[in-house]
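Listed here are the chains, written in short residue letters.
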Amino acid sequence: MTAVNLGVPVVRSAPDVSARPESPHLVDRFGRVATDLRVSLTDRCNLRCTYCMPAEGLDWLPKPELLSDDELARLVSIAVTRLGVTDVRFTGGEPLLRPGIEKVIAATTALSPRPNTSMTTNGITLAKRAAGLAEAGLDRVNVSLDTLDPARFHEMTRRDRISDVFAGMAAARDAGLTPVKVNSVLLRGVNDDEAVPLLRFALENGYQLRFIEQMPLDPQHGWDRSSMVTAEEILDALGREFTLAPESTDRGGAPAERWLVDGGPAVVGVIASVTRPFCAACDRTRLTADGQLRNCLFSTSETDLRAPLRAGATDEEIADLWRGTMWAKAAGHGINRAGFDQPDRPMSAIGG
Ligand code: SAM
Ligand code: SF4
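It should be emphasised that the depicted structure is a prediction, and the values quoted were computed from it without experimental measurement.

Asks: Hey, could you run me through the overall build of the chain in this one?
Replies: Across its full length, the chain holds 10 helices and 15 strands. When its C-alpha atoms are laid out on the principal axes, the chain stretches across 55 × 45 × 40 Å. Counting across all 352 residues of the chain, residues that qualify as buried make up 54%. Roughly 14400 Å² of accessible area belongs to the chain as shown, and the carbon and sulfur atoms make up 52% of that amount. Separation of charge centres in the chain, based on 40 positive and 47 negative side chains, amounts to 2 Å.

Structure representation (structure tokens):
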């Protein structure tokens, strides 16, 4: 495998494939099977959320290193038709900054078996794109929104564009990209008073809200366990205004624990990656915009698929590299262990 300069320092290691069983699927040493693929389409973004990117942005990946639409479509096709992937989510950076994404979505939804296909976006340009995305076959979207207050949105994202996000969400709902899920990260002293208003907003508009605990994936390495807002605090705040009952005791591979709100059918989710990790049930595999495969958000190693792809590797050779990478997946992310090493790539370059 060739190591290339990606603009971010990355440790590369060959996966240990010695004891891997004969399975076409993405099995690992702990009995998990990855069926959910996250594809990052770009590391660039049109917002600068303070917990995700510095004001000046990052050293973006050079264009020639990004996978082309055809390369992306080929890798997704290998994942779905050879490796048993059933769910494909496009993300970034901001995925809608990438022109031609409708083509990649259409290629994805034309696969057999057809995977569930979704996107995580900041919603800024979604109003213009929602109908076309739905037409290309996209099933639904998650839109990120951390505050309902325009001034606070401006502070938190360094851009004055909250109305575009509201318009994007509504357009997604009207285009049938449903359920529209809303992702919110609460930061102490910044927007931690908005758990209840955000849930009210979601309920009123027919969106499904999920809170995400802040994770140590920021390029500034500013994450601080003692100040992160925990799932427990969020649930306490919601519990003072709403009646919450667990939707189910088995969340499968789903990261969000979900609660029925006031008897349902509305639900609210909390993704407690730090305080209630779901690694034992993780079914994710991740592809970065520059063609690097990761078996975990927190991996400190990657497998380069772009070089073999461009060197003429067959689908089966690529599939086998993929299987080997997933076989080597660690049991857990280790955030809560002493000596935890934050990955060099920030969230925006991995694909959240
Ligand atoms: N730009 C798109 C967006 O914001 O939806 C997609 C990429 S963004 C990295 C995906 C999600 O990750 C967003 O909901 C964002 O709030 C979340 N996120 C970013 N940094 C995070 C962190 N350190 N911890 C937890 N969530 C984070
Ligand atoms: Fe951009 Fe999403 Fe990161 Fe915000 S969270 S800066 S929208 S990639």
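Asks: Looking at this model, I keep getting lost on unusual backbone geometry. Mind explaining?
Replies: Residues apart from glycine generally show negative phi values, whereas peptide bonds are mostly found in trans. Cis geometry is adopted by the peptide bond preceding Pro113, which originates at Ser112 and carries an omega value of -5 degrees. Position of Pro113 relative to the elements: it lies in the loop between helix H2 (101–109) and strand E6 (116–121). The omega torsion of the bond from Thr178 to Pro179 falls at -5 degrees, within 30 degrees of zero and hence cis. Here Pro179 lies in the loop between helix H5 (162–174) and strand E8 (181–184). Not every positive phi belongs to a glycine, and His221 is a case in point at roughly 55 degrees.

Asks: Looking at this structure, how should I read the environment of Ala256?
Replies: Here Ala256 shows up in the loop between strand E10 (244–246) and strand E11 (257–261). Here Ala256 falls in the buried class, since its relative accessible area comes to 7%. Note: C-alpha distance between Ala256 and Leu47 (209 residues apart in sequence) is 25 Å.

Asks: Got a minute to help me understand the site of ligand 1 in this structure?
Replies: In the vicinity of ligand 1 there are 17 residues, among which Tyr51, Gly93, Thr121, Ser144 and Met215 approach most closely. Within the side chain of Ser144, an N or O atom sits 2.5 Å from an oxygen atom of ligand 1. A distance of 2.8 Å separates a nitrogen atom of ligand 1 from a polar backbone atom of Met215. With the chains in place, 95% of the 540 Å² that ligand 1 exposes on its own is no longer accessible.

Asks: Teacher, can you tell me more about the site of ligand 2 here?
Replies: Around ligand 2, the surrounding shell consists of Cys45, Leu47, Cys49, Cys52, Gly93 and Asn122. Grouping the constituent residues of the shell around ligand 2 by class yields 4 nonpolar, 2 polar and no charged.

Asks: Before we go on, may I ask you to explain H5 in this structure?
Replies: Within an α-helix, residues lying three or four positions from one another point in the same direction, as the helix has 3.6 residues per turn. The end-to-end C-alpha distance of H5 is 19 Å, a good match for the 18 Å that 13 residues give at a rise of 1.5 Å each. Ile162, Val165, Gly168, Met169, Ala171 and Ala172 are the residues of H5 that are buried. Residues of H5 that are buried sit in contact with helix H3 (126–136), strand E7 (140–144), helix H4 (150–157), E8 and helix H6 (195–205). Where H5 ends, the next residue or the one after it, Gly176, has phi of about 85 degrees, a positive value.

Asks: Where do I start with the pairing of E11 in this structure?
Replies: Regular strands have side chains that alternate between both faces of the sheet. Burial of the side chains of E11 is restricted to one face: Glu257, Trp259 and Val261 are buried, whereas none of Arg258 and Leu260 on the reverse face is. Here 3 bridges tie E10 to E11, and the two strands are oriented antiparallel to one another. Paired with Ala245 across the two strands is Leu260, which belongs to E11. Alignment of E11 against strand E12 (residues 267–271), held across 4 bridges, turns out to be antiparallel. The residue of E12 that forms the bridge with Glu257 is Val270. Following E11, the chain reverses through 5 residues before pairing antiparallel with E12; Asp262 in that reversal takes a positive phi of roughly 50 degrees.

Asks: I would appreciate a short explanation of the side chain of Gln208 in the present structure.
Replies: Topologically, Gln208 is positioned in strand E9 (residues 208–212). Side chain to side chain, Gln208 and Arg258 meet in a polar contact 3.0 Å long. Gln208 has contacts with Pro179, Val180, Lys181, Val182, Arg258 and Val267, leaving out every residue within four places of it along the chain.

Asks: Can you help me understand H6 in this one?
Replies: Taken together, the buried positions of H6 are Ala195, Val196, Leu198, Leu199, Phe201 and Ala202. Those residues of H6 hidden inside the fold are in contact with H5, E8, E9, helix H7 (231–239), E11 and E12.

Asks: Hey, could you run me through the side chain of Arg32 in this one?
Replies: Relative to the helices and strands, Arg32 resides in the loop between strand E2 (26–27) and strand E3 (33–34). Using a relative accessible area of 6% as the deciding quantity, one classes Arg32 as buried. One polar contact links the side chain of Arg32 to the main-chain carbonyl oxygen of Ala331, over a distance of 3.1 Å. The residues touching Arg32, leaving out its near neighbours within four places in the chain, are Leu26, Val27, Cys279, Ala280, Cys282, Lys329, Ala330 and Ala331.

Conventions and cut-offs
Residues numbered from 1 in each chain as written. Chains lettered and ligands numbered in written order. Predicted model: local features only at pLDDT ≥ 70, side-chain atom pairs only at ≥ 80, totals over all residues. Heavy atoms only, no water. Helix = DSSP H or I, 4+ residues; strand = E, 2+ residues; numbered from the N terminus. Buried < 20%, exposed > 50% of the residue type's maximum accessible area, 1.4 Å probe, protein only. Areas by Shrake-Rupley, 256 points an atom, 1.4 Å probe, with all protein chains shown as cover. Lys, Arg positive; Asp, Glu negative; His and termini not counted. Charge placed at Lys NZ, Arg CZ, Asp CG, Glu CD. Near = heavy atom within 4 Å. Polar contact = N/O pair within 3.5 Å; in protein donor to acceptor, adjacent residues only side chain to side chain. Nonpolar A, V, L, I, M, F, W, Y, C, P; charged D, E, K, R; others polar. Expected span 1.5 Å × (residues − 1). Contact = heavy atoms within 4.5 Å. Pairing = 2+ DSSP bridges.

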